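Residue-level structure breakdown
Given next are the chains, with one letter for each unit.
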Amino acid sequence: MSGGRDGVSGAPIDFARLNVVAERFATDDRSTEIDIQPEFAPDRIVCHYDSGFYPQRVQSARLEIAWLENGDFSIHYHEEHHEGEFDHRWDRHPSDHNTRDHVHPGPDAPTPGDDASHPAEWRDVLSMVLGEVEARQRAFWTE
Amino acid sequence: MDDPRTELKADTDERRDPPEFDDLVPPEELVAGDRTRDDFFDAVLGLGSPATVGEIADLAGHGVDAAREYLEWFERMGIVTQITDSPATYERNQEYLNWRRVQQLRNQYDDEELLAFLEDAVERDESFAEKFGVESPDAVAIAAHATDTDRSVETVWREVSAWKTTRRRISLLERALQTDTDGTAGQRTVA
């Protein structure tokens, strides 16, 4: 909805929105730690998932969130395995390879990615992402 | 998103004791605040253009009467700016959010730390200017620059956004340092 109506442009990081996200994630059982980088003004926030949601073969998993003042965003999910890794990205921003809304699917988040249609409202975007991560986490535990 | 590959999944021993996913706060509850005020604040944070009271009520998930009340309150506080009268439309007031950020910086850091952040940011700003060969991130035409330098639009977009963030950071840090030295700590100076 917001941003991008004028085509290809950049915008500063939306500190206000990232602060709200960091506050809400801080008390949640999904994460062990929320990083705000750099400390005085986040360019993105990093949510480290509790390793208890993963089998031992997965060493760590995190979600990195960047939101711009014009509504563009890039959300990156990353898993470290004993052998290899897994990356998946949900994006809304200009590119020469995809529509503004797109995903770079796992396991290796290739460019170009797949065109997509993310929810208009920012909390719905976050909620969609958390839901997809949880679905993947649950799938680790089924046969 | 794809399910994990079979060899990554929990082995039979681990599966006996899976995590308690059902005890987690559902995503849609986690991303929302607890109070009605949060719903309206979240709604105006996401506004990229002026929106009517009805549109903001929809975004917040509350009624139009509540929207009118909160928007009037937010306007008095400086969180939103009323753009038009009939119909009444509102926009997020970035100046207020910047002011709040300046107060946070002042509360969290002393002058020496703020100065160090400022020096880093200025250095970063100069290296962007050198790299792009222009004075300001606003002077970069992203698509054209990408074609000229044979890089992707996404890469250039990322750098221009980082440059704009650096510029914003410099202005916030300068304000935080100024407010400190001229003795107007805590006073409202919304532009």
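All of these numbers come straight from a predicted model, not from anything done at the bench.

1. Comments concerning the overall build of chain A
- Across its full length, chain A holds 2 helices and 7 strands.
- Put simply, chain A runs from its N terminus to its C terminus through helices and strands in the order α-β-β-β-β-β-β-β-α.
- The C-alpha atoms of chain A give 15 Å as radius of gyration, which agrees with the globular expectation for 143 residues (15 Å, within 12%).
- Structurally, chain A occupies a C-alpha span of about 45 × 35 × 25 Å along its principal axes.
- Taken across its 143 residues, chain A has 59% of its residues classed as buried.
- Considering only contacts within chain A whose residues lie at least 6 apart along the sequence, 37% involve residues at least 24 apart.

2. Digging into unusual backbone geometry
Residues and elements named next belong to chain A.
- Between G106 and the following residue, P107, the backbone shows a cis peptide bond with an omega angle of 10°.
- By the secondary structure assignment, P107 is in the loop between β6 (101-104) and β7 (114-115).
- A cis amide bond links T111 with the next residue in sequence, P112, at an omega value of -5°.
- With a phi angle near 45°, A109 is a residue other than glycine that sits in the positive phi range.
- By relative accessible area, A109 is classed as buried at 14%.

3. Thoughts on the nonpolar core
- Core analysis: the biggest nonpolar cluster contains 83 residues, and L63, I65 and I75 of chain A have the highest contact counts within it.
- When residues of this core are assigned to their parent elements, the largest contribution, 10 residues, is made by helix α9 (residues 153-181) of chain B.
- Residues within four places of I75 of chain A in sequence aside, it is in contact with L63, E64, I65, W67, H88, R89, W90, D91, V125, L126 and V129 of chain A.

4. Some thoughts on the domain arrangement of chain B
- You can read the domains of chain B as domain 1 (35-92) and domain 2 (96-178).
- Here domain 1 of chain B and domain 2 of chain B have C-alpha centroids that lie 29 Å from each other.

Basis of the calculations
Residues numbered from 1 in each chain as written. Chains lettered and ligands numbered in written order. Predicted model: local features only at pLDDT ≥ 70, side-chain atom pairs only at ≥ 80, totals over all residues. Heavy atoms only, no water. Helix = DSSP H or I, 4+ residues; strand = E, 2+ residues; numbered from the N terminus. Rg over C-alpha atoms; globule rule 2.2 N^0.38 Å. Buried < 20%, exposed > 50% of the residue type's maximum accessible area, 1.4 Å probe, protein only. Contact = heavy atoms within 4.5 Å. Core = buried A, V, L, I, M, F, W, Y, C linked by side-chain atoms within 4.5 Å. Domains from an automatic or database assignment.

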